[in-house]
Amino acid sequence: MSRRPFSIRRRILLAGVGVLLVLSLGIYAFLQDYARRSADQAFDRVLAASALSIAGAIRLEDNHLTAELPYAAMAMLSSQQRVFYSIRDPQGVLVTGYEDLDGGMPLARSATPVFTNHHYHGDALRVATLGRLISFNRQIRWITVRVAETREAREALAAEILQRGALPLPIMTIVALLLLWIGISRAFLPLRGLERELRHRLPEDLAPLRSPAPREVTRLVDAVNGFMQRLQVMLDMLHNLLADTAHQVRTPLASLRAQAEVALDERDPQRLRERLHRILRNASSASLLINQLLMDATITHRLGSRAQDAISLDEVLHEVRQRIGTRDAPRLRIAQAPALQGARLRGDRIALREMLLNLIDNALRHAPDGPVTLDLRPAAGQLLLQVADRGPGIPEHEQAEVLKRFVRGAAAQATPGSGLGLAIVQSVVQSHQGTLRLRNRPGGGLLVQVSLPLEPADPPAPRKDRPAPRKGTVSGIGLIVCAALGLALAMPDSAQAQTSRYPAPLAEARTLTIAGPTDTPVFAILAKAFQRSHPNIGIVYHERGSQQLYEQTRAGTLPASDLLISSAADLQLRLANDGYAQAYESAWTQRLPEWANWRAEVFGFTFEPIVMVYNTDHYTAATAPHSRTELLRTLEQQGPYARIGTYDIAASSVGHLLATQDEMISSNFWGMANALGRAGVRLAADTREILDLIQAGQLDLGYNMLGSYVRAYGPRYTRLAVIVPDDYQLVLARSALILRTAAQPQAAQAFVDWLLSPTGQQVIETEAALGALPELMAEDDAPPERRTSALIRPIALNPTLLVGLDQQRQARFLQNWARLVTDTPNRPGAPPGGPAMTGR
């Protein structure tokens, strides 16, 4: 079967595509490295500025280090990155921040920022480390400041740079391929002259090509000319063979014809019989001659084709034995060395077989009474083949002549033959790069020696040992047992008292477990409304205080849950920042405003304004304070007679969050705190407690109250009115977080999507009265007070919320609050997020 022709043009083009592809990949790798380094340089400046900002806030008070984390230190970083930090004293003891952030990293010894790549809780971080000199007991020591952020924003910037830099590559590649195609087409134009010359040549014209050829195809033209030269030689050989055949066959055929004509006229039976014997001998000689001529032509053709294969010596000998006649077989003795078992020759099987047959036939015919020996043995990578007989031999002066065609020695004239046998042997030996020698044996006879190269033996296959079994691996049964023991841990009994169950209306396929501080009656509205859309999902709700929820999640003591819902946005963001959340994106989460969606891990789903509440028996809409400035003036005027209540920020995580936001926005915050303390403010950890006191007439005002609770329990509070401050309006978004350890992540995702869907937002707005996000509502449906306004200040989900949870800043903040408001020392042991806070 002929092989399909291939295209040089296509091969060159494919090679060009390959080269361009490799070159493009190299350029792409360079651009990728450049983009990564450029992105690192850009973000490293901001990261260093954040570390310098923190370093500038470090103070030495009473020989103790303090650091009040600036909001700007986190605000200047990307709002969608995980952010971590630590401050260590000269001995490496943590002052504030993450204890395990910089394990194994050296302390700072210079004010120059040092940037390193680090892994922390499975996240790839970029860490900026710098030092600040502090004088301890008249000794200068280095304080180590580290700020780290995840690499998503860097990777996004690097991808953008890479995209812009790599955009010309496909265009350049296409242009280069087009130019390559045109260049190839022009380069092949000179070959058309050679093509035309060959097409117009006569069949018998085998002269070398005369058309000019490019340097690159000179060897091809030389090969074609060489082929035509060899073809001319073969044609000449065939012409000579035909001429020799005609000359050699003409004489015996004429003799046969003459003898047959004489035999026809012979009447004597005895003489007729003698003439018939002569005719038979001449016919045998003619037959032998014709067979030798045909075999000579066949071998000449096969050797001219140069087709060579690896030939088994055993197969050749087997064919030779089969072609020896039964009368001559007993006289032939073959001796083969054991080392030649399985030996192979490179050549033509038929030519080698006929070479051996000619040698053996010559020996048998010229030594009709004696044995003939064929001896085969190896010698230095060669096959040494010897055929010996006890015939008349060949004189030395005739040995070179008898190797020519149609030449016979003087001693062989009486024996029938054609003079082609040794000529055939000579041509076969020469074509196989061998040697041929003729020697007369002592005592009479001829020894023909042929040496042929042997094919190298194949190397033994390497032994493939079976790999040794691994040792020390943990069995699958052991892993299953460990997993079973982990799942067998029971939930604490104390959680059962705060747990509510909402069975699925239909056959329950999955059970979704949610934990949060939202009051159970309010959550029940959401749960039952969700089950109207998902009737096959049961719900278990664990009500916990927001601080308790945060601490139990970090400690791993929270009953197994899938979803956390909390109004403490800072604690939710801290959990996500520390790797407790899993990311989730859908069409609904993408509709959220940027301030209510952090890294697709924390989702704000309500719009709860922070308001002031007053008792209508004491104030009217005209006399009640409508801004914080007016409230401060009222407190200063009324003093102890101003009956006012607010959150105890040492006990309420929501109250602490709102207070830190007021401090960040308002320059009068600490003046307000001082006025609250002078007025004898009533502190509570729960919104309803303050609202109940206002309803009962024991308080006249409530400051920084969750407006959603006033709406939710509106019929209960008949003597209350709400004021939305007209200086700025804080808005809190209750947020949802899918735990990384969720057993039912799909059910949790379905609940998040439902909360953000029009159906869920409608329930949140009307039935639960928590307040829907205006961005998720139609423009006409959003209440006027919730439409876009410069006065509305949503508490954005971003790393600045982590500033208020810094250990030292929070401790100092609570200490100042206690000094101004309660005139009592701060409670000790405040962890990140506050001590034992429970607020709703």
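Thresholds, definitions, all that
Within every chain, residues take consecutive numbers counted from 1 along the sequence as written. Whole-chain, interface and lining totals are the exception, using all residues; otherwise, since this is a predicted model, local features are given only for residues with pLDDT of at least 70 and side-chain atom pairs are given and counted only at 80 or more. Side-chain numbers here rest on the full set of heavy atoms in the structure, without hydrogens or water. Each residue carries a pLDDT score, the predictor's confidence in it, ranging from 0 to 100. Every residue pair with non-hydrogen atoms within 4.5 Å of one another is taken to be in contact. Think of a salt bridge as a Lys or Arg side-chain nitrogen and an Asp or Glu carboxyl oxygen that are within 4 Å of each other. A simple rule labels every residue: compare its accessible area, found with a 1.4 Å probe on the protein chains alone, to the largest value its type can have, and call it buried under 20%, exposed over 50%, or partly exposed in between. Whether two strands pair depends on DSSP finding at least two bridges between them. Per the convention used, a helix needs a DSSP run of H or I reaching at least four residues, while a strand needs a run of E reaching at least two, with both numbered from the N terminus. Axis geometry follows a simple rule: fit a line to the C-alpha atoms, using only the stretch in contact for helices, then measure angles between N-to-C directions, giving values from 0 to 180 degrees. Here the term cavity refers to a set of points on a 1 Å grid, laid over the protein atoms alone, in which a 1.4 Å probe fits but cannot get out; the term pocket refers to an open set having protein on both sides within 12 Å along at least five of seven lines, with lining residues being those that place an atom within 4 Å of a point. Grid points are joined across faces, edges and corners, and a volume is the space filled by probe spheres set on the points. Asp, Glu, Lys and Arg are counted as charged, while Ala, Val, Leu, Ile, Met, Phe, Trp, Tyr, Cys and Pro are counted as nonpolar; the rest, among them Gly, fall into the polar class. Angle categories are assigned with fixed cut-offs, so that under 35 degrees is roughly parallel, over 145 is roughly antiparallel, 65 to 115 is roughly perpendicular, and the rest are oblique.

Chemist: Quick question: what am I supposed to make of the confidence of the model for the protein here?
Modeler: Low pLDDT means the predicted atomic positions in that stretch should not be read closely. Per-residue confidence for the protein gives a mean pLDDT of 82; residues scoring 70 or more make up 85%. Below a pLDDT of 50 lies the segment residues 463-497, which in the model reaches 9 contacts outside its immediate sequence neighbourhood of four places, other chains included. A low-confidence stretch, residues 824-839 stays under pLDDT 50, and its non-local contacts, those more than four residues away or across chains, total 56 contacts.

Chemist: Would you mind going over the pattern of salt bridges with me for this structure?
Modeler: Two side chains carrying opposite charge are able to pair once their charged atoms lie near each other. Throughout the structure, instances matching the rule amount to 40 salt bridges. Residues Glu197 and Arg201 are paired through a salt bridge, measuring 3.2 Å at the closest nitrogen-oxygen approach. No difference in accessibility class separates Glu197 from Arg201, as the two residues are buried. One network of salt bridges, in which partners are shared, links Arg36, Asp40, Asp44, Arg126, Glu149, Arg151, Arg154 and Glu155.

Chemist: Explain the sheet that holds strand E11 (residues 372-379) here, please?
Modeler: Across the sheet, 5 strands lie side by side as E9-E11-E12-E14-E13; this open sheet has mixed pairing. With partners counted over all chains shown, the strands left at the sheet margins are strand E9 (332-336) and strand E13 (435-440), one partner each. Ignoring which end each strand starts from, the neighbouring axes of this sheet average 15° apart. Taken together, the 7 bridges between strand E12 (residues 382-388) and strand E14 (residues 446-453) define a ladder with antiparallel strand orientation. By the bridge assignment, Leu384 is partnered in E14 with Ser451. Sheet strands touched by helix H8 (residues 313-323): E9, E11 and E12. Its angle to E9, the strand with the most contacts, is close to 175°. Lying on the sheet, helix H9 (residues 349-366) is in contact with E9, E11, E12 and E14; it crosses E14 at an angle near 170°.

Chemist: Whenever I open this one, empty space enclosed by the protein confuses me. Can you help?
Modeler: Using a probe with the size of a water molecule, rolled over the atoms, empty space left in the structure can be pinpointed. A complete count under the given rule lists 4 cavities of 30 Å³ or more for this structure. Considering only enclosed or pocket space, the second largest cavity measures out at about 90 Å³ in volume. Along the walls of the second largest cavity sit 13 residues, with Thr646, Ala659, Tyr703, Asn704 and Trp817 positioned nearest its centre. Mapped by element, the contributors of at least two residues to the lining of the second largest cavity are strand E22 (644-647), helix H17 (653-665), helix H18 (669-678) and strand E24 (701-706). Ranked by residue count, the leading element in the lining of the second largest cavity is H17, at 4 residues. Looking at side-chain class alone, the lining of the second largest cavity contains 9 nonpolar, 3 polar and 1 charged residues.

Chemist: Help me understand the sheet that holds strand E6 (residues 123-136), please; the structure alone is not making it clear to me.
Modeler: Hydrogen bonds between backbone groups are what pair the strands of a sheet, and the pairing can be parallel or antiparallel. If you trace the 5 strands from one edge of the open sheet to the other, you get E4-E3-E7-E6-E5, paired in antiparallel fashion. Among the strands making up the open sheet, the edge pair consists of strand E4 (94-97) and strand E5 (114-120). When strand polarity is set aside, the average angle formed by the axes of neighbouring strands in this sheet is 25°.

Chemist: Before we go on, may I ask you to explain the packing of H17 against helix H23 (residues 807-822) in this structure?
Modeler: Any two packed helices are characterised by how steeply their axes cross, that is the angle between the axes, and by the distance between the axes. It is at 12 Å that the axes of H17 and H23 come closest, and there the two elements cross at 90°. Accordingly, the angle class assigned to the pair H17 and H23 is roughly perpendicular. Facing His656, Ala659, Thr660 and Glu663 of H17, the residues of H23 in contact are Arg809, Gln810, Phe813 and Leu814. The residue inventory of the contact of H17 with H23, partitioned by class, reads 3 nonpolar, 3 polar and 2 charged.

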